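Summary of the model geometry
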Amino acid sequence: MPRPSHAERPVIFLPPRWNIKRGLNGDFLFKGVTVLFAISILGILLLMAVSMYRQSLPSIHTSGWSFIPGKEWDPVGGTFGALPYIYGSLVSSLLSLALATPLSIATALFITEVANRRVGGMIAALVELLAAIPSVIYGLWGVLVMAPWLQRTVEPFLNDHLGFLPFFSGPPYGVSMLAAVLILMIMIVPIITSITKEVLLAIPDSQREAAVALGATRWEMIRMAVLPYGRSGILGAVILGLGRAIGETMAVTMVIGNTPKISLSLLDPAYTMPSVIANEFAEASSDLHAAALMEIGLLLLVVTLIINSLARLLLWGVNRPTGGQA
Amino acid sequence: MSEATTDAKIRLDRLNVHFGANHAVKEVTMAMASNSVTAIIGPSGCGKSTVLRSINRMHDLTPGARVNGSVLLDGEDIYRKECDPVTMRRRVGMVFQKPNPFPAMSIYDNVIAGYRLNGRGRRSEMDALVEQCLQRVSLWDEVKERLHVNAMQLSGGQQQRLCIARTIAVMPEVILMDEPCSALDPISTLKVEELIDELKEKYTIVIVTHNMQQAARVSDTTAFFYLGELIEMGDTKKIFTNPEKRQTEDYITGRFG
Ligand SMILES: Nc1ncnc2c1ncn2[C@@H]1O[C@H](COP(=O)(O)OP(=O)(O)OP(=O)(O)O)[C@@H](O)[C@H]1O
Ligand SMILES: [Mg+2]
């Protein structure tokens, strides 16, 4: 098709709000402000990382690389190894995530796909309420109610019947890795559930109808249309839950027993990175001790960043095959 | 002819649909013959989709929707208590206005999705079925090299034909189509129309359309709806050349709607 000549081109009148000067200024200002905020967020992160690094220099110089695989934590003798804390953080958050994920997805599915609107709405509101409870309350309940109950009933039971497994060996203390895993699970289920619920609600009904019109039952519809469509969003919800679990300090500190020991047994007390920082920072016995705690903080930052990046990678891998204009 | 046919595949008898206080479909009685194409036309909001969706109990999914009256499929009411809607829907397939392939699945898996609900077939059987269904919707030549790529990589028209292939892969007896071409370009529309003409040999088809020419081209019988009521139903040629009711004439000549 030949291009229309100048004379044929329709004349376009720009409405007055497209006043060039005003548009330019407004855009410039808007762009400037957003860029400034974006940079300042990055700047704060960098500033934090750098200052944490500098504060932990004494520890880095003293312990070197052995800080990470080191199992000994002796503030008086001046030996600092972070492995028990790293182990405790990873195990408690990953196990709680493994328990919380299916529970949360099932709850979200119940709210959006199974329950009628009234019941679903009520449960959703309840879940949101649970997500808003301060973690110290969970911790208090955990240490005063749940841990004694674990000590009296659950842990002896596990030990009696599954004690031949290394995961359930040893005496019941109540405060333990198990307690931390359970309290974390209770705390992250509401978060994962409420985000998953939003994800499911955003799935177009046309997808559900497509499955149902093919003769799918409700469960088949969920498996065929709902979950695959929402998978990347659900994965995002799980990652947020993991972030919460790994950073949670107060509740975990109250129930985990705070013993820097690496044990396969869930019945044994353990320790996490945030907990040791919170417990020891105020009364650090020496500059080296304070620096070692700072280095743990730095490690926690790095671990969190690594987990988040891995999750992004995973998300990217899940999303890629969808491609196209999905 | 609409009333007395004994070989009616589908018969609606005094069908009423309410959405809350909204009486969307009023006392509709009509019949669709086996191996025929019935077009449902009428202005927007007159209840065409609502009627169509009551033929495979799609309203079960809509909270607040109430269906009264009966829909007979081969003489049996699909709204009776003993009727299992899941089994019934395998006999009454549906194609929607907007193509809705499953975005997480490949082309192949989309076609076979409904079939797989009945348990896993042998690989060779499934391969044959996929080829056959895609052939029927004349999509095979366009996609045979890339059966395992994601279905969202197809164009809108191809996606719609894929959805039709997915529907016929469960071998239904009836296919309901709700404005299947409204999101398609003229060429894809033509292909779907040709397809409807072929499918008629094996299936009973009910199609909702806003396109008068399309109704005239593809259907044997046309039903005109207005404000939730069936105004007139009859031989397509007659409806379009010599309708009995004034409202029908006004609508098809474009005087309102
Ligand atoms: N899910 C629903 N909830 C509430 N009301 C509905 C629902 N679906 C349809 N309705 C109402 O039922 C009436 C008929 O709608 P329907 O979708 O059947 O119209 P239609 O003839 O298919 O229109 P269109 O040509 O625009 O698709 C309308 O008044 C509409 O508001
Ligand atoms: Mg409609």
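Residues numbered from 1 in each chain as written. Chains lettered and ligands numbered in written order. Predicted model: local features only at pLDDT ≥ 70, side-chain atom pairs only at ≥ 80, totals over all residues. Heavy atoms only, no water.

**A word on the interface of chain A and chain B**
For clarity, the cut-off: Residue contacts follow a heavy-atom distance rule, with two residues in contact if any of their heavy atoms lie within 4.5 Å. Accessible area that two parts lose when put together, evaluated with a 1.4 Å probe and summed over both, is termed the buried area. Salt bridge, as applied in this entry: a Lys or Arg side-chain nitrogen positioned within 4 Å of an Asp or Glu carboxyl oxygen. Two N or O atoms form a polar contact when they lie within 3.5 Å of each other; inside protein one atom must be a possible hydrogen donor and the other a possible acceptor, and for residues adjacent in sequence the pair counts only when both atoms belong to side chains. Under the scheme used here, helices are H or I runs from DSSP no shorter than 4 residues and strands are E runs no shorter than 2 residues, and both carry numbers assigned from the N terminus.
Across the contact, 23 residues belong to chain A and 28 residues belong to chain B. Approximately 2000 Å² of surface area, both sides summed, lies buried where chain A meets chain B, with 64% of it carried by carbon and sulfur atoms. The interface formed by chain A and chain B contains two salt bridges. For Arg-53 of chain B, the salt bridge goes to Glu-209 of chain A, with nearest N and O atoms at 2.7 Å. Joining chain A to chain B, the criterion identifies four residue pairs in polar contact (both at pLDDT 80 or more). Secondary structure elements with two or more residues in the side of chain A that touches chain B: α7 (205-213) and α8 (218-247) of chain A.

**Regarding the sheet that holds strand β5 (residues 76-77) of chain B**
All names here are of chain B. For clarity, the cut-off: Pairs of strands are assigned from DSSP output, requiring at least two bridges between the strands.
An order of β2-β1-β4-β5 is seen for the four strands of this open sheet, with the pairing classed as antiparallel. Edge positions in the open sheet fall to β2 (22-33) and β5, since each of these has one partner strand only. When strand β1 (residues 8-19) meets β2, the two strands line up antiparallel, connected through eight bridges. Bridging from a neighbouring strand, Leu-15 pairs with Val-28 of β2.

**Some points on the domain arrangement of chain A**
Residues and elements named next belong to chain A. Which entries qualify depends on this criterion: As annotated, the domain borders come from an automatic or database domain assignment. Only Asp, Glu, Lys and Arg are considered charged in this grouping, and only Ala, Val, Leu, Ile, Met, Phe, Trp, Tyr, Cys and Pro are considered nonpolar; every other residue, Gly among them, is considered polar.
As assigned here, chain A comprises domain 1 (25-55) and domain 2 (57-319). Here domain 1 and domain 2 have C-alpha centroids that lie 30 Å from each other. In this complex, domain 1 contributes five residues to the contact, which on the side of domain 2 involves eight residues. Summed over both sides, the interface of domain 1 with domain 2 buries roughly 720 Å², with 79% coming from carbon and sulfur. When residues of domain 1 are sorted by the area they lose upon contact with domain 2, Met-52, Tyr-53 and Gln-55 head the list and together hold 72% of the total. At the boundary of domain 1 with domain 2, the tally comes to zero salt bridges. For the pair domain 1 and domain 2, the interface holds two residue pairs in polar contact (both at pLDDT 80 or more). Residue composition of the side of domain 1 that touches domain 2, by class: three nonpolar, one polar and one charged.

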